[in-house]
Amino acid sequence: MTRSPSTADRPQMLVEEFEELARNAPELVRLEFINGKVVVKPVPDGNHNEVIAWLQQVCMQHRPDLWLYGEQGLKVEEYRNGRAKADGVLAPRRHFVGTREWADPDGVLMAVEVTSHDGDAVRRDHIDKPDGYAAAGIPVYVLIDRQAGSVIVHAEPEGGRYRCITTRPYGTAVELPDPVGFTLETAELKDFAD
C-alpha cells in the first residue's frame, strides 16, 4: 500500500524562498530551515557566547591549522535542502573565503551547538541538528548542553545518523575523535552552566 504525501511531508516553502526570507529578516532574528520548516533560532545570551569563545580558544591551542567559525550557515540534510546556522563550525583557516551565507559542508570537520533556553531547543539540538549534520557528512557534531551540564559528542556519520554518541558531564575529559583529534578538558564549562 502506498501512502500519499501529507501536508506534514511537504516543506513549508522552497529552499530558495527560505534563503530570500532569511536574507531579509531583521538582524535580531536568526532563521534556519530544518526538515522543511522555518525555525527561529534564539539570539545567544552571554553564557552561550562565553562557551563559544572558550571553545575557539581551546581549538586554536590544539589545532592552530583550523578555525572555529561562529554562526556559519551550512547546507545540511539529505540533498542539501536544509539550512542551519551552526553556533560553531571547525574548518581549515580561510575555508569559507568566497562563499555566500549558506556554504557547502564539504571540508567541515566539526559542527557545534550550544543549547538555548527556548522550547524548541531539545528537539532542534538533540534530534534535528545531529540528523542534518550527519546527512551532510560532517564527521563530528558536539552539543554543549548547558541545562544538563554535559557535552555530547556525535561521530561516525552513516546513513543520515551518527553511529557513535558519547555523553560526558562537565568537568570530565571529552575525546573529540579524528579528524578533530584532541581532548577537551571541560571543567571551565561549569562557569557557564545555567
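Residues numbered from 1 in each chain as written. Predicted model: local features only at pLDDT ≥ 70, side-chain atom pairs only at ≥ 80, totals over all residues. Heavy atoms only, no water.

1. Overview of a nonpolar patch on the surface
Residues Leu 28, Val 29, Val 40 and Val 43 make up a contiguous nonpolar surface patch of about 370 Å² in total accessible area. Within the element layout of this structure, Val 43 appears in the loop between β2 (37-41) and α2 (46-62). Given the relative accessible area of 49%, Val 43 is considered partly exposed. (Patch = residues over 30% accessible without salt bridge, like charges linked within 9 Å, V, L, I, M, F, W, Y side chains within 5 Å. Areas by Shrake-Rupley, 256 points an atom, 1.4 Å probe, with all protein chains shown as cover. Salt bridge = Lys/Arg side-chain N within 4 Å of Asp/Glu carboxyl O. Helix = DSSP H or I, 4+ residues; strand = E, 2+ residues; numbered from the N terminus. Buried < 20%, exposed > 50% of the residue type's maximum accessible area, 1.4 Å probe, protein only.)

2. Digging into the pairing of β2
Two faces make up the sheet, and in a regular strand the side chains alternate between them. Across five bridges, the pairing between strand β1 (residues 30-34) and β2 is antiparallel. Across the sheet, Leu 31 pairs through a bridge with Val 40, a residue of β2. (Pairing = 2+ DSSP bridges.)

3. Here we look at the nonpolar core
The biggest cluster of nonpolar side chains holds 26 residues, and the ones touching the most others in it are Met 110 and Val 142. At the level of secondary structure, the elements contributing two or more residues to this core comprise α2, β3 (66-76), β6 (110-114), β7 (140-145), β8 (150-158), β10 (173-176) and β11 (182-185). With six residues, α2 is the single largest residue contributor to this core. When neighbours within four sequence positions are excluded, Met 110 is seen to be in contact with Cys 59, Gly 88, Val 89, Leu 90, Ile 138, Val 140, Val 142, Leu 176 and Val 180. Listed in part, the 21 residues of the second largest apolar core include Tyr 69, Tyr 133, Ala 136 and Ile 138. (Core = buried A, V, L, I, M, F, W, Y, C linked by side-chain atoms within 4.5 Å. Contact = heavy atoms within 4.5 Å.)

4. Comments concerning the state of the cysteines
This model, assessed by the stated rule, comprises zero disulfides. With no disulfide of its own, Cys 59 has Cys 164 as its nearest cysteine by sulfur position, at a separation of 19 Å. (Disulfide = S-S within 2.5 Å.)

5. Overview of the environment of Glu 17
Considering the arrangement of structural elements, one finds Glu 17 in helix α1 (residues 15-23). Separated by 122 residues in the primary sequence, Glu 17 and Pro 139 place their C-alpha atoms 29 Å from one another.

6. Notes on the packing of aromatic side chains
Going through the model one piece at a time under the given rule, you end up with four aromatic pairs. Ring plane angle 15 degrees and centroid distance 5.1 Å describe the contact between Phe 18 and Phe 33, whose orientation is recorded as stacked. Separated by 15 residues along the polypeptide, Phe 18 in helix α1 and Phe 33 in strand β1 bring together distant segments of the chain. With relative accessibility at 0%, the residue Phe 18 sits in the buried group. (Phe/Tyr/Trp six-rings, centres within 6.5 Å; stacked < 30°, edge-to-face > 60°.)

7. Topic: the environment of Gly 36
Looking at where Gly 36 falls in the secondary structure, it is placed in the loop between β1 and β2. Note: C-alpha distance between Gly 36 and Pro 11 (25 residues apart in sequence) is 3.9 Å. Apart from the residues within four sequence positions on either side, Gly 36 is in contact with Pro 11 and Gln 12.

8. Side note on the confidence of the model for the protein chain
Caution applies to low-pLDDT regions: their predicted coordinates should not be interpreted in detail. On average, residues of the protein chain score 86 in pLDDT, and 91% of them reach the 70 mark or higher. Note that pLDDT drops below 50 for residues 1-8; the model gives that stretch two contacts with residues more than four away or on any other chain. (pLDDT = per-residue confidence, 0-100.)

9. Re the side chain of Glu 113
Here Glu 113 is to be found in strand β6. At 2.6 Å, the side chain of Glu 113 and the side chain of Tyr 133 are in polar contact. Among residues more than four places away in sequence, those in contact with Glu 113 are Lys 41, Lys 85, Ala 86, Asp 87, Asp 125, Lys 129, Tyr 133, Tyr 141, Val 142, Leu 143 and Ile 144. (Polar contact = N/O pair within 3.5 Å; in protein donor to acceptor, adjacent residues only side chain to side chain.)

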